[in-house]
Amino acid sequence: MQSVPSQAIRPLSLNASLSSSRLPFFSFSLPIFHKFKINPSIYNKSQKVPLFLTLRCCSSGSVTAKPSSELRRNRDVQEPDEKVVALRRLFSKPGIGIDAYIIPSQDAHQSEFIAECYMRRAYISGFTGSAGTAVVTKDKAALWTDGRYFLQAEKQLSSSWILMRAGSLGVPTTSEWLNDVLSPGGRVGIYPFLFSHDAAKELKEAISKKNLELVFLYDLNLVDEIWKESRPKPPNNPIRVHDMKYAGLDVASKLSSLRAELVGTGASAIVISMLDEVAWLLNLRGSDVPHSPVMYAYLIVEVDGAKLFVDNSKVTKEVMDHLKNASVELRPYDSTLSEIKRLAAQGAQLWLDTSSVNAAIVETYKSPLDKYCSNHGSKGKIKNKRYDESNGLSEGPSGVYMRSPISLAKALKNPAELEGMQNCHLRDAAALAQFWCWLEEEIHNNVELTEVDVADKLLEFRAKKEGFLDTSFDTISGSGANGAIIHYRAERGSCSVVDPNKLFLLDSGAQYIDGITDITRTVHFGEPTAREKECFTRVLKGHIALDQAVFPENTPGFVLDAFARSSLWKIGLDYRHGTGHGVGAALNVHEGPQSISYRYGNTTPLQKGMIVSNEPGYYEDHAFGIRIANLLHVQEINTPNRYGGIEYLGFEKLTFFPIQATIEHTPQQPSTMISQSCTDNDCSMFTSKTPHFFRVILQETITHGILAKLVDISLISDDEIEWLNNYHSQVWEKVSPLVEGSARQWLWNNTRVIHKR
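What comes next concerns the included structure. (Residues numbered from 1 in each chain as written. Predicted model: local features only at pLDDT ≥ 70, side-chain atom pairs only at ≥ 80, totals over all residues. Heavy atoms only, no water.)

**Describing the overall build of the chain**
Right, on to step 1. Within the chain, the regular secondary structure consists of 24 helices and 29 strands.
Right, on to step 2. Put simply, the chain has 757 residues, and 63% of those count as buried.
Right, on to step 3. Total accessible area computed for the chain in this model is approximately 28,600 Å², and 50% of it derives from carbon and sulfur atoms. (Helix = DSSP H or I, 4+ residues; strand = E, 2+ residues; numbered from the N terminus. Buried < 20%, exposed > 50% of the residue type's maximum accessible area, 1.4 Å probe, protein only. Areas by Shrake-Rupley, 256 points an atom, 1.4 Å probe, with all protein chains shown as cover.)

What follows is the structure, given as structure tokens:
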């Protein structure tokens, strides 16, 4: 599944050009906080920026948004939007007084997936994609989203909304648009809990160029005011302890390493707001957020203690004992700001990752800190350890504003985490084999199945596997044109029937107690067109090229992105999403800081222990979509040379499942295959109980000597065929012991050798 560009968990930085000189790279002193091996001077751009807010308009002069008639379907009559009208009425209320209001997608923790009660942007706009920003003025309403969601937004937005296709020529950023449509002196309101400090600061600077004022509305969220009683209640699900056999490292060790970092930077405490960082550090898991095993909480770690701010009703006795053993105190979730004020009033030097910690927390800290410094004769300054001497910082308390060290430590998986990921992928593959066996049989029996039916059945097979908890994201089940909607979500009553004569894209994943999966396969149940086969083959070639990549240590992910696109580029094709995202270990399906993307902002080097996805694709609007996704583990490669005395890295596969290919046989091979299959399966596949689809495959293979599917053999090299054959050999070896009967037969058929003509 493709994530928010660059860093899915850092979605609200507004400008790729935002300087991050106060966020240098730092050296970790203990094993789990590994050292960066890259020149910090190249980190002069913010790494935590989404596409839908970073792209600059290419034109000069005044920027004017394209009307919806140019960007999506024409609509003759603009439909009144009651929610937007109600929101505008609040603009002139006492204590508000604004001319525009920005509604982002995130919660107060900058999460990608959020609880239903925090889906404010979806509620106000009707657009349910995971990435986007809505802006409402007194007479306009506009929504920005990136290329993954263009088609979905076209369908879901009413004519009252202007769709801003971020990345398209002439489409402005939110700040550019506000500067253009508002008069000088206008006031732009935001709820500061939903914006990172960096995002709010950049927005403030950008709109001030046209004399617009950014207004923090701390005490009320305007969308909540009109949502009222119909708004869902906040989640109240119990927290659980993440077992040491899966975590691999105890909480005391993690906290000790983190405190060593605090001492090294001169900080007295760190505020942790990212939910997956809290969960990873404390070896806790929750279910407050769909598809993500996290709980809503803040964590403040001091040199001599730690406080977890969470709803106490979620804390079981086991969790209470677990936290007590780690010397972590419990505090109410809504008392976080009070603790920040207390620490600031004492002159505490808080480490704040301003790319993720929300603006409300940072501003709550800065105000009493400035007062403390004034009373004690020193001026508080932002502290950046790497540049203390050159900046000539004065003595006295100051905020330490740097990237959270937990982000990288969490990304570098330990042996127990890797083992859990490997094990859950094999169980998941067994579930997938059972599912695809069922699906192909149903299709060949002319059973009518909707895209939702397919997704529900897949969940049914996965739910039977040991350790299954949840899906890792909403399953993307897209037939034909729906496959071209990169983050399509089928809904009962409006989805399509799976058409055997069209490409079918299935992107899915599961949360298990020991790991997480994310896999995409694109198949055709009939005979694909030459165009479909060429596009599929070029996507496969890109997938193989990235899988086989070998690169020197300190290489950032964006350097590898072209490997996956090169074959498409040769005929002028491309895709509008990154090629790979970081993946958590029994945590979030999208995590940073690593990624493989054409966006140059993320210069984080890929390092041993990281997990990334490999998912190139191609999408023809209103026709079909293609994507092939596996998860990979970064490992050291034993190269014959070590130029520069450095390590060389590559990838090890975690996902083992067939990729639909062309099965070719010489006249002698069918009987050989039948004989070998008979040995492996006690000849049971040739009885009257043999599934219809498998009998058809055998008959076509015997009669015609070839069963054409999606790989165009004329476009693929011998080396690439060898890769595919080796991969399928591994799939059979690893997964076949976990399945039996018709599912085993299906797996056998779909892992056969391809021969070059």
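**A word on the sheet that holds strand β1 (residues 100–103)**
Right, on to step 1. Taken together, the six strands give an open sheet; going across it, the order is β4-β3-β2-β1-β5-β6, and neighbouring strands pair in mixed fashion. Every other strand in the sheet has two partners, leaving β4 (162–165) and β6 (213–216) as the edge strands with one partner each. Sheet twist, expressed as the average angle between the axes of neighbouring strands with direction ignored, equals 25°.
Right, on to step 2. Looking at chain direction, strand β2 (residues 133–137) and strand β3 (residues 141–145) are connected through four bridges and run antiparallel. Bridged to Thr 133 within β3 is Trp 144.
Right, on to step 3. Here helix α7 (residues 197–208) sits on the sheet and contacts β1, β5 (187–190) and β6; the angle it forms with β6, its principal contact strand, is near 145°. (Pairing = 2+ DSSP bridges. Axes fitted to C-alpha atoms, helices over the stretch in contact; angles between N-to-C directions. Contact = heavy atoms within 4.5 Å.)

**Describing the nonpolar core**
Right, on to step 1. Core analysis: the biggest nonpolar cluster contains 69 residues, and Leu 87, Tyr 101, Trp 161, Leu 178, Leu 222, Leu 350 and Leu 352 have the highest contact counts within it.
Right, on to step 2. If you look at the next biggest cluster of nonpolar residues, it comprises 66 residues, including Cys 437, Val 498, Phe 504 and Leu 505. (Core = buried A, V, L, I, M, F, W, Y, C linked by side-chain atoms within 4.5 Å.)

**Examining the side chain of Asn 482**
Right, on to step 1. Relative to the elements of secondary structure, Asn 482 occurs in the loop between β15 (476–479) and β16 (503–508).
Right, on to step 2. Residue Asn 482 is classed as buried on the basis of its relative accessible area, which comes to 8%.
Right, on to step 3. Within the structure, Asn 482 has its side chain in polar contact with the side chain of Lys 155 (distance 3.4 Å).
Right, on to step 4. At 2.9 Å, the side chain of Asn 482 and the side chain of Glu 451 are in polar contact.
Right, on to step 5. Filtering out sequence-adjacent residues up to four positions away, Asn 482 remains in contact with Lys 155, Glu 451, Tyr 488 and Ser 496. (Polar contact = N/O pair within 3.5 Å; in protein donor to acceptor, adjacent residues only side chain to side chain.)

**A look at the sheet that holds strand β12 (residues 328–331)**
Right, on to step 1. Ordered in space as β12-β11-β10-β8-β13, the five strands form an open sheet in which the pairing is mixed. Every interior strand has two partners, whereas the edge strands, β12 and β13 (350–352), have only one. With strand direction ignored, the average angle separating the axes of adjacent strands in the sheet is 20°.
Right, on to step 2. Here strand β8 (residues 269–272) runs beside β13; their pairing, made up of three bridges, is parallel. Residue pairing for β13: Val 271 is matched across the bridge by Leu 352.
Right, on to step 3. Against the sheet, helix α10 (residues 251–265) engages β8, β10 (297–302), β11 (305–310), β12 and β13, with an angle of about 60° to β10.
Right, on to step 4. Lying on the sheet, helix α11 (residues 275–282) is in contact with β8, β10, β11 and β12; it crosses β10 at an angle near 55°.

**Focus on the packing of aromatic side chains**
Right, on to step 1. Taken as a whole and assessed by the stated rule, the structure comprises 18 aromatic pairs.
Right, on to step 2. Here the aromatic rings of Tyr 123 and Trp 227 are separated by 4.6 Å at their centres, their planes lie at 15°, and the arrangement is stacked. On the criterion of sequence distance, the pair formed by Tyr 123 in helix α4 (residues 120–125) and Trp 227 in helix α8 (residues 222–227) is long-range, its members being 104 residues apart.
Right, on to step 3. For Tyr 123, a relative accessible area of 17% translates into the label buried.
Right, on to step 4. With centroids separated by 5.3 Å and ring planes inclined at 15°, the aromatic side chains of Trp 723 and Tyr 727 adopt a geometry described as stacked. Remark: Tyr 727 and Trp 723 occur in helix α23 (residues 718–735); sequence separation between them is four residues, near one turn of the helix.
Right, on to step 5. Residue classification places Trp 723 among the buried residues on the basis of a relative accessible area of 7%. (Phe/Tyr/Trp six-rings, centres within 6.5 Å; stacked < 30°, edge-to-face > 60°.)

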